[in-house]
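# Residue-level structure breakdown
So the chains spell out like this:
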Amino acid sequence: MTATTTTDTIGGVPAPEISISEFGAQKALGILANSGKENAGVRVFIKSGGCSGYQYGMAIDDRELEGDLIVVDRGVKLLVDRMSLPLLRGSEVDFVENMMGGGFTVHNPNATSACGCGSSFRTDGAQTPDGEGAGGCSSH
């Protein structure tokens, strides 16, 4: 397991590698309580795909893998694998509700652009690499 260490600070307090909003934590704690998995947390990860190049993923996970960053924020254990961490560093997991329903989202300071549906993003402002996410918003 990787220790939670940071070098950035906010008002003299170490900035979290990843965090969860109060409303997001309430929703996550309810889901985790009903999962039937002891000591489970929310795994937040990045995968290639979507119309902008990367997509967010979340899952209930009771495994702590070698190299994972493990952060407990507002009572919720957040797990991030070492490959996803650079793209998620400084992000906040949130839960949003609107007329179309509700769901978890990620507020990511590393994203330089996002697709219209908000499910995929890019970090460098560059064009999406050939073959990645060329299918549009409905392809994920």
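Residues numbered from 1 in each chain as written. Predicted model: local features only at pLDDT ≥ 70, side-chain atom pairs only at ≥ 80, totals over all residues. Heavy atoms only, no water.

As annotated in an unreviewed UniProt entry, the chain carries the name Heme biosynthesis protein HemY and is attributed to Deinococcus radiotolerans.

## Side note on unusual backbone geometry
Phi at N39 takes a positive value of approximately 60 degrees, unusual for a residue other than glycine. Structurally, N39 is set in the loop between helix 1 (22–33) and strand 4 (41–49). Assessed through its relative accessible area of 58%, N39 is described here as exposed. Positive phi, normally seen in glycine, also occurs at R74, with a value near 55 degrees. Among the structural elements, R74 can be located in the loop between strand 6 (69–73) and strand 7 (76–80). We classify R74 as partly exposed; its relative accessible area is 43%. (Helix = DSSP H or I, 4+ residues; strand = E, 2+ residues; numbered from the N terminus. Buried < 20%, exposed > 50% of the residue type's maximum accessible area, 1.4 Å probe, protein only.)

## Focus: a nonpolar patch on the surface
Among the surface-exposed residues, I31, I60 and F104 lie close enough to one another that they form a single nonpolar patch of about 210 Å² accessible area. A residue is classified by how much of its surface remains accessible, and I31, at 40% relative accessible area, is partly exposed. (Patch = residues over 30% accessible without salt bridge, like charges linked within 9 Å, V, L, I, M, F, W, Y side chains within 5 Å. Areas by Shrake-Rupley, 256 points an atom, 1.4 Å probe, with all protein chains shown as cover. Salt bridge = Lys/Arg side-chain N within 4 Å of Asp/Glu carboxyl O.)

## Topic: the pattern of salt bridges
Considering all chains together, one arrives at 7 salt bridges under this definition. Close ionic contact of E22 with R74 constitutes a salt bridge, the shortest N to O distance being 2.9 Å. Residue E22 is found in helix 1, and its partner R74 is found in the loop between strand 6 and strand 7; the two are separated by 52 residues along the sequence. Residue E64 pairs with K77 through a salt bridge whose shortest N-O separation is 2.8 Å. Here E64, found in the loop between strand 5 (53–61) and strand 6, pairs with K77, found in strand 7; they are 13 residues apart in sequence, far enough to count as distant. For K77, a relative accessible area of 15% translates into the label buried. Connected via shared salt-bridge partners are R43, D61, R63 and D68.

## So, the environment of V93
With respect to the secondary-structure elements, V93 resides in strand 8 (residues 91–98). The sequence separation of V93 and I18 amounts to 75 residues, and the corresponding C-alpha distance is 7.7 Å. Ignoring sequence-local partners within four residues, the contact set of V93 consists of I18, S19, I20, S21, V44, M58, F104 and T105. (Contact = heavy atoms within 4.5 Å.)

## Brief notes about the sheet that holds strand 9 (residues 101–107)
Spatial strand order, 3-8-9: 3 strands in an open sheet with mixed pairing. The sheet terminates laterally at strand 3 (18–20) and strand 9, the two strands that pair on one side only. Here the average twist between neighbouring strands, direction ignored, is 25 degrees. Where strand 8 lies against strand 9, 7 bridges are found, and the strand directions are antiparallel. By the bridge assignment, N98 is partnered in strand 9 with G101. Running at roughly 80 degrees to strand 8, helix 1 makes contact with strand 3, strand 8 and strand 9 of the sheet. (Pairing = 2+ DSSP bridges. Axes fitted to C-alpha atoms, helices over the stretch in contact; angles between N-to-C directions.)

## Some thoughts on helix 1
Its 12 residues give helix 1 an end-to-end C-alpha distance of 16 Å, which sits within 8% of 16 Å, the value for a rise of 1.5 Å per residue. Taken as a whole, helix 1 has its buried residues at G24, A25, A28 and L32. For helix 1, the buried positions fall inside an angular range of 95 degrees around the axis, keeping them on one side. Here the buried face of helix 1 lies against strand 3, strand 4, strand 5, strand 7, strand 8 and strand 9. (Expected span 1.5 Å × (residues − 1). Arc of directions from axis to C-beta.)

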